[in-house]
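Listed below are the residues making up each chain.
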Amino acid sequence: MPIIDLRSDTVTKPTPEMRRAMYEAEVGDDVYGEDPTVNRLEAMASQRMGKEAAVYVASGTMANLVSGLTHCGRGDEAVVGHRSHMLLYEVASLAAFGGVQMRSVPNDDRGMLDPNTVEWAMRPDDAHQPRTAMVAVENTHNRCSGGVLDAEDIGVLAEIAHRHGARFHIDGARIWNAAVALGVPPAELARPADTVSFCLSKGLSCPVGSMVCGSSETIQRVRKNRKMVGGGMRQAGVIAAAGIVALETMVDRLAEDHDNAKRLARGLARLPGIGLDPSRVQSNIVIFDVQDRPAEAFIAALKEKGVLASFPEGGRVRMVTHYGINAEDIDEALNVAESVSRGKVSGRR
Ligand code: TLP
């Protein structure tokens with residue numbers, strides 16, 4: 001049975017061109033700054049994000065951690081969205097390793113933070129209170145159905161952070177999806193950020209790796225924090241080579257993933273027992289409610305028929321489109337979802 005894997009865009013496999021580039025990669029010791037392939041990837045990343053410098057890190061989680069460690073000291077506070085990856089899915093790493101208190105403010109359906117609430121969350125200079133050292137946003141927003149923030153949204157939040165002396169970080173794990181959805185260069189979205197991270201290993205299909213971009217001075221400190229958390233890599237050109245291919249060949253095609261996600265959302269919205277507003281789908285993530293049974297039961301029934309989905313939170317199902325999934329796969333996934341949703345309901349909510 002062919003499997004249609006919609007659990008995440010992290011399941012993407014490297015393209016043949018990436019594998020060739022990895023095989024042929026020129027390498028050196030990157031901790032000495034001597035890996036020419038890593039150096040080239042870092043230069044490309046910083047240039048694309050409109051920043052002076054970039055550093056290659058192992059994962060999106062590490063990118064957020066080392067950025068947070070750079071901006072925040074022990075006993076400081078970081079303001080993040082209540083549905084953000086940094087708060088929910090990073091094993092409280094910034095609290096554990098950095099002694100940083102995470103303060104959440106509500107994300108709206110698109111992942112945006114209300115500027116008035118952020119303003120209110122910024123701490124005054126007061127003997128009783130921690131310093132607000134960082135405000136972080138996520139773009140696109142994973143748990144908010146791949147919602148997209150535009151340059152204006154980001155500018156408003158960054159201005160508040162900076163006015164209060166805090167740094168501004170963008171968890172841009174999928175910022176390339178945001179840029180493609182909006183039809184703007186990612187640098188436009190990253191402009192006010194002190195650090196912006198992005199993942200190579202999601203929609204861009206690399207086997208591993210993320211980037212953190214910022215000013216030269218900031219990235220020097222991020223690099224040191226990367227070393228501190230054990231993330232200094234040696235002949236990393238072997239994996240960085242795939243990142244170069246990704247930036248050169250895999251960005252524009254994200255539009256196909258967005259079209260497929262919209263096709264999927266429109267089809268799902270027509271099915272009984274599924275709650276979904278397809279007009280909310282802006283990029284490659286579709287999240288919907290299952291109304292007539294537990295989401296786990298729905299996911300298990302899909303899996304029996306070869307369609308894999310993930311379970312972001314109570315009563316909801318997530319499907320993510322990506323390289324390797326085409327329009328026929330979406331139609332097949334919809335056929336399966338239809339037979340499951342019209343099938344006998346077993347289990348109770
Ligand atoms: N997200 C993964 C899971 O961890 C949930 C996924 O399947 O979507 N920021 C954002 C917005 C992310 O969605 C993720 C990964 C990360 C950071 C962390 O990236 P990695 O997995 O490379 O550590």
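Overview of the structure. (Residues numbered from 1 in each chain as written. Predicted model: local features only at pLDDT ≥ 70, side-chain atom pairs only at ≥ 80, totals over all residues. Heavy atoms only, no water.)

Digging into the overall build of the chain
For step 1, the next point in the chain: Each helix and strand in the chain was counted, giving 14 helices and 12 strands.
For step 2, the next point in the chain: For 349 residues, the compact-globule estimate of 2.2 N^0.38 gives 20 Å, and the C-alpha radius of gyration of the chain, at 20 Å, lies within 12% of that figure.
For step 3, the next point in the chain: Summarising its shape, the C-alpha atoms of the chain cover approximately 60 × 55 × 35 Å along the three principal directions.
For step 4, the next point in the chain: Considering only contacts within the chain whose residues lie at least 6 apart along the sequence, 74% involve residues at least 24 apart.
For step 5, the next point in the chain: Carbon and sulfur atoms make up 50% of the accessible area of the chain, which amounts to about 14600 Å² in all.
For step 6, the next point in the chain: For the chain, the distance from the average site of its 40 positive side-chain charges to the average site of its 45 negative ones is 5 Å. (Helix = DSSP H or I, 4+ residues; strand = E, 2+ residues; numbered from the N terminus. Rg over C-alpha atoms; globule rule 2.2 N^0.38 Å. Contact = heavy atoms within 4.5 Å. Areas by Shrake-Rupley, 256 points an atom, 1.4 Å probe, with all protein chains shown as cover. Lys, Arg positive; Asp, Glu negative; His and termini not counted. Charge placed at Lys NZ, Arg CZ, Asp CG, Glu CD.)

A short note on helix H14 (residues 327-342)
For step 1, the next point in the chain: Between the first and last C-alpha of H14 there are 22 Å, a value that for 16 residues agrees with the 22 Å anticipated at 1.5 Å per step.
For step 2, the next point in the chain: Turning to H14, its buried residues are Ile330, Ala333, Leu334, Val336, Ala337, Val340 and Ser341. In an axial view of H14, the angular spread of the buried residues amounts to 165 degrees, which keeps them on one side of the axis. Opposite the buried face of H14, at more than 90 degrees from it, the exposed residues are Glu328 and Arg342.
For step 3, the next point in the chain: Residues of H14 that are buried make contact with strand S1 (4-5), helix H12 (254-269), helix H13 (295-304) and strand S11 (307-308). (Expected span 1.5 Å × (residues − 1). Buried < 20%, exposed > 50% of the residue type's maximum accessible area, 1.4 Å probe, protein only. Arc of directions from axis to C-beta.)

Re the site of the ligand
For step 1, the next point in the chain: Looking at the ligand, there are 14 residues lining it, with Ser8, Gly60, Thr61, Asp171 and Arg174 nearest.
For step 2, the next point in the chain: Here an oxygen atom of the ligand and a side-chain polar atom of Lys202 are 2.9 Å apart.
For step 3, the next point in the chain: The separation between an oxygen atom of the ligand and a polar side-chain atom of Arg318 is 2.9 Å.
For step 4, the next point in the chain: Relative to its free-state accessible area of 510 Å², the ligand is covered by the protein chains to the extent of 81%.
For step 5, the next point in the chain: Counting atoms within 2 Å of the grid points, the majority share of the ligand lands in the largest pocket.
For step 6, the next point in the chain: At 3 residues, the largest contribution of residues to the shell around the ligand is made by helix H3 (residues 60-71).
For step 7, the next point in the chain: By residue class, the composition of the shell around the ligand is 1 nonpolar, 7 polar and 6 charged. (Near = heavy atom within 4 Å. Polar contact = N/O pair within 3.5 Å; in protein donor to acceptor, adjacent residues only side chain to side chain. 1 Å grid on protein atoms, 1.4 Å probe; cavity = no way out; pocket = protein on both sides within 12 Å on 5 of 7 lines; lining within 4 Å. Sits in = over half its atoms within 2 Å of the grid points. Nonpolar A, V, L, I, M, F, W, Y, C, P; charged D, E, K, R; others polar.)

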